[in-house]
Amino acid sequence: MEENNSAEINKEFTDDCHTVLDAVSDALYAVGGKWKLMIIIAMARGNNRFSELQRQVKGISARVLSSELKELELNGFIIKKVSVGYPVMIEYQLLPYSHTLEELVGAMTRWGIQHRSKIKSEMSGGNQKS
């Protein structure tokens, strides 16, 4: 009886682990990588044109920005708006779905500030604990 109970607990643990891993994998697929969240953050602060985004997101090439914008559009975070006329104007806009990332961005911001502070402290001979 004890072995059967242990097997059930292990199965629950394994199922839970797979659920978490699958969910994190899906999240990383949608917004993972070096640039996607940074692009969304720049757009949330009013940068809607390609050149503005490239200027704000330091270090991104035009080719990579173009590719990332297409992926963000495919995942329902942004939309590409093309205005007819001369000259043709292309702008990108956040869709309401992008607001579902606010909690994630907030958590990453808080953690990033904490991490940078920890590293600076350690580099300056401060607290050596991890």
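Scroll up for the structure.
Residues numbered from 1 in each chain as written. Predicted model: local features only at pLDDT ≥ 70, side-chain atom pairs only at ≥ 80, totals over all residues. Heavy atoms only, no water.

A.B. asks: Any details on the side chain of Asn47? Residues and values, ideally.
C.D. replies: The residue Asn47 is located in the loop between helix 2 (36-44) and helix 3 (50-56) in this model. Asn47 sits in the buried class, given a relative accessible area of 13%. When neighbours within four sequence positions are excluded, Asn47 is seen to be in contact with Ala42, Glu52, Leu53 and Gln56. (Helix = DSSP H or I, 4+ residues; strand = E, 2+ residues; numbered from the N terminus. Buried < 20%, exposed > 50% of the residue type's maximum accessible area, 1.4 Å probe, protein only. Contact = heavy atoms within 4.5 Å.)

A.B. asks: I'd like a description of the pattern of salt bridges, backed by residues and values.
C.D. replies: Evaluation of the coordinates by the stated rule reveals three salt bridges. For Lys36, the salt bridge goes to Glu71, with nearest N and O atoms at 2.8 Å. In this pair, Lys36 sits in helix 2 while Glu71 sits in helix 4 (residues 62-74), placing the two residues 35 residues apart along the sequence. Judged by relative accessible area, which is 5%, Lys36 ranks as buried. For Lys118, the salt bridge identified is with Glu122, shortest N-O distance 2.7 Å. Of the two residues, Lys118 and Glu122 are both situated in helix 5 (residues 102-123); the distance of four residues between them amounts to about one turn of the helix. Taking the relative accessible area as the measure of exposure, Lys118 reaches 32% and is therefore partly exposed. A relative accessible area of 24% places Glu122 in the partly exposed class. Each member of the salt-bridge network shares a partner with another, and the members are Lys36, Glu68 and Glu71. (Salt bridge = Lys/Arg side-chain N within 4 Å of Asp/Glu carboxyl O.)

A.B. asks: Residue-level account of the nonpolar core, with values.
C.D. replies: Membership of the largest hydrophobic core comes to 18 residues, with the highest contact counts inside it found for Ile39, Leu53, Leu69, Phe77 and Ile78. The set of elements that each furnish at least two residues to this core consists of helix 1 (2-31), helix 2 and helix 4. If one sorts the elements of this core by residue count, helix 2 sits on top with five residues. Contact partners of Leu53, with chain neighbours within four places excluded, come to Ile39, Ala42, Met43, Asn47, Leu65, Leu69 and Tyr92. (Core = buried A, V, L, I, M, F, W, Y, C linked by side-chain atoms within 4.5 Å.)

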